[in-house]
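Close look at the chain arrangement
The lines below spell out each chain.
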Amino acid sequence: MIRVGIVGASGFTGGELIRLVHQHPELELTFLGGSSSAGKRPAQLHPGLRLDLGGLSVEPVTADAVAGRCDVVFLATPAPVSAALAAQLADRVACVIDLSGAFRIRTPELHERWYPKAARSTELADRFVYGVPELVGDQLVGAPLISVPGCYATAITLGLAPLTLGLGLNLKTVVVDGKSGSSGGGVQLRVPDLHPLRNGAIAPYAPTGHRHAAEVGEFLERGKPGSVGSLTMSAYGVSHVRGLLASAYVFTDDAVDGRELQRAYLRFYKGSRFVRVRRNTETLIPVPDPQAVLGSNYCDVSVLHDEEGGRIVVLAALDNLVKGAAGQAVQAANKRFSLPEETGLTMEPVMPA
């Protein structure tokens, strides 16, 4: 069995990691770490998790404790905390998988702009693999340090990759409209997230830019063969608890065959267990729709050609706590330890939810 530690066990992502690791046939939960929640059992923190974990409770985090009891540790902690812990645990634990933004952006200046409080060394940042399993799977095998993309970034990257990495298009302008449920904000108590204000709302909390767009642009630019000129994003909070939808409006000077786009996406994701390429009108409700993926590790993607508007429309939906966080982290761990990619992640969506 592969021994697993989860640091940040009290948060939404930490709870989701506990749930997924517990049901995984090859993973054994051996350490739960936290600060303010030290001494508490998972069931006290996450009402849905009444699990037999051999008496495990949340402990203060020390490098010695984690290194002595874990083969892989998931850091479900804020970026500044992850940056400090990763520096302590690198080379002491076989694999560190960070779910924060501490190591997603490689360029120092760009990282400083979006994560000014997450100080890290450039040498350490360069060692992290940006963990989109569908796109960099071979790089994850045996990787000691993995940075899991943000929830929006996962949806946007999986949505755009067939255009740049597959068809080699040069995307002149990409405008992303993102809508996410309230769980994306974590468990911190903030006035805008209070139920009377959030319920029924469409709140433009990042109308002129979002840090997840920065990591997408950097990753796709490194990947080639296509390119991304300008990638901008506006983000809105909606009254859902889980799930997000990223709508990307793509403008390119390259010739586009609308009939070929769907086939190109199907070819690109052939054999990808967790990306479902869908026609927008194939079900009773238009898809992608976040409610059609809730509780699962799927990302649903649709591509349409707006010939009159001179644009490509790419829609991507996922559960922000599963494929956008904990599920993708476990998927990356499966790749890292050469397990079948779908191990422990075969749950189907729950709908209605």
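Structure first, text after, so check above.
These numbers come from a predicted model, not from an experiment. Residues take numbers from 1 onward in each chain, read along the sequence in its written order. pLDDT decides what is reported in this predicted model: residues at 70 or higher carry local features, side-chain atom pairs at 80 or more are listed and counted, and totals for whole chains, interfaces and linings draw on all residues regardless. To get the side-chain values, all heavy atoms of the structure are used, and hydrogens and water are removed first.

1. Things to note about the overall build of the chain
- Within the chain, the regular secondary structure consists of 12 helices and 13 strands.
- To get the radius of gyration, use the C-alpha atoms; to get the globule rule, take the number of residues to the power 0.38 and multiply by 2.2 Å. Over its C-alpha atoms the chain spans a radius of gyration of 20 Å, differing by no more than 12% from the 20 Å that the globule rule assigns to 353 residues.
- Across the 353 residues of the chain, 54% fall into the buried class.
- We call two residues in contact when some of their heavy atoms are within 4.5 Å. Sequence separation of at least 24 residues holds for 74% of the intrachain contacts in the chain that already meet a minimum separation of 6.
- Per-residue and other accessible areas were derived by the Shrake-Rupley procedure at a 1.4 Å probe size, with only the shown protein chains allowed to occlude residues. Surface accessibility of the chain: about 15,100 Å² in total, with carbon and sulfur atoms responsible for 53%.
- Here the chain contributes 33 positive and 34 negative side-chain charges, whose respective centroids are spaced 3 Å apart. Per the convention used, a helix needs a DSSP run of H or I reaching at least four residues, while a strand needs a run of E reaching at least two, with both numbered from the N terminus. Relative accessibility thresholds used throughout: buried, under 20% of the residue-type maximum; exposed, over 50%; partly exposed, between the two (1.4 Å probe, protein chains only). When charges are tallied, Lys and Arg are placed among the positive residues and Asp and Glu among the negative ones, while His and the ends of the chain are skipped. The location of each charge is read from NZ of Lys, CZ of Arg, CG of Asp or CD of Glu.

2. Re helix 8 (residues 151–166)
- A helix is expected to reach a length of 1.5 Å times the quantity of its residues less one. Between its first and last C-alpha, helix 8 extends 22 Å over 16 residues, near the 22 Å set by a 1.5 Å rise per residue.
- The bend at a residue is defined as the angle formed between two axes, one fitted to the seven residues ending at that residue and one fitted to the seven starting there. At Leu 160, helix 8 is bent by approximately 50°, the largest bend along its length, and proline Pro 162 sits one to four residues beyond.
- Within helix 8, 14 of the 16 residues are buried, leaving the element largely enclosed by the surrounding structure.
- A positive phi of about 70° marks Gly 168, the residue just after helix 8.

3. Re the pattern of salt bridges
- A side-chain nitrogen of Lys or Arg and a carboxyl oxygen of Asp or Glu constitute a salt bridge if their distance falls within 4 Å. What the rule picks out here adds up to 21 salt bridges.
- Arg 267 is the partner of Glu 260 in a salt bridge, and the nearest nitrogen-oxygen pair spans 2.5 Å.

4. Some points on a nonpolar patch on the surface
- Every patch collects residues that have over 30% relative accessible area and no salt bridge, joining them within 9 Å if they carry like charges and within 5 Å if they are nonpolar side chains (Val, Leu, Ile, Met, Phe, Trp, Tyr). Residues Val 191, Leu 194 and Leu 197 make up a contiguous nonpolar surface patch of roughly 270 Å² in combined accessible area.
- Within the secondary structure layout, Val 191 lies in the loop between strand 7 (170–180) and helix 9 (195–198).

5. Structural notes on the packing of aromatic side chains
- Put simply, two rings from Phe, Tyr or Trp (the six-membered ring, in Trp's case) pair if the centres are within 6.5 Å, and we call them stacked under 30 degrees between planes, edge-to-face over 60, tilted for the rest. One pass over the structure, following the stated rule, counts 4 aromatic pairs.
- Between Phe 103 and Phe 128, the ring centres sit 4.0 Å apart and the planes meet at 10°, which makes this aromatic pair stacked. Pair noted here: Phe 103 is in the loop between strand 4 (95–98) and helix 5 (108–114) and Phe 128 is in the loop between helix 6 (122–127) and strand 5 (129–130), with a separation of 25 residues, a long-range link.
- The buried category is assigned to Phe 103, whose relative accessible area is 4%.
- By relative accessible area, Phe 128 is classed as buried at 3%.
- When the centroid spacing of 6.1 Å and the interplanar angle of 55° are considered together, the rings of Phe 274 and Tyr 298 count as tilted. Of this pair, Phe 274 sits in the loop between helix 11 (258–268) and strand 11 (275–277) while Tyr 298 sits in the loop between strand 11 and strand 12 (299–306); the two residues are 24 residues apart in sequence, bridging distant segments of the chain.
- A relative accessible area of 7% means that Tyr 298 is categorised as buried.

6. Details of the nonpolar core
- Grouped together as the largest cluster of nonpolar side chains are 81 residues, with contacts concentrated most on Phe 74, Ile 97 and Leu 163.
- With 9 residues, helix 8 is the largest single contributor of residues to this core.
- Here Phe 74 is in contact with Val 4, Gly 5, Ile 6, Val 7, Leu 17, Val 21, Ile 97, Leu 99, Ala 329, Val 330 and Ala 333, once residues within four sequence places are set aside.
- By nonpolar core we mean a set of buried residues, namely Ala, Val, Leu, Ile, Met, Phe, Trp, Tyr and Cys, connected to one another through side-chain atoms within 4.5 Å. Leu 75, Ala 83, Ile 105 and Tyr 115 belong to the second largest nonpolar core, which has 27 residues in total.

7. Some words on helix 12 (residues 322–336)
- End to end, helix 12 covers just 18 Å across 15 residues, shorter than the expected 21 Å (1.5 Å per residue, more than 12% under).
- Of all the bends in helix 12, the greatest measures close to 45° and is centred on Gln 328.
- Downstream of helix 12 by one or two residues, Ser 338 has phi in the positive range, about 60°.

8. Things to note about empty space enclosed by the protein
- Think of a 1 Å grid over just the protein atoms. A cavity is a set of points where a 1.4 Å probe fits yet cannot get out, a pocket is an open set with protein on both sides within 12 Å along at least five of seven lines, and lining residues have an atom within 4 Å of a point. Grid points are joined across faces, edges and corners, and a volume is the space filled by probe spheres set on the points. Applying the stated rule across the entire model yields 2 cavities of 30 Å³ or more.
- A volume near 50 Å³ is recorded for the largest cavity.
- For the largest cavity, the full set of lining residues is Phe 103, Arg 104, Ile 105, Arg 106, Ala 125, Phe 128, Val 129, Tyr 130, Ser 147, Glu 218 and Arg 222.
- Elements supplying a minimum of two residues to the lining of the largest cavity: strand 5 and helix 10 (211–223).
- Partitioning the lining of the largest cavity into residue classes produces 6 nonpolar, 1 polar and 4 charged.
- Approximately 40 Å³ is the volume attributed to the second largest cavity.
- Those elements that place two or more of their residues in the lining of the second largest cavity are helix 8, strand 10 (244–252) and strand 13 (311–318).
- If you tally residues by element for the lining of the second largest cavity, the top one is helix 8, at 3 residues.
- For the lining of the second largest cavity, a count of residues per class yields 7 nonpolar, 1 polar and no charged. Throughout this entry, Asp, Glu, Lys and Arg are counted as charged residues, while Ala, Val, Leu, Ile, Met, Phe, Trp, Tyr, Cys and Pro are counted as nonpolar. The remaining residues, Gly among them, count as polar.

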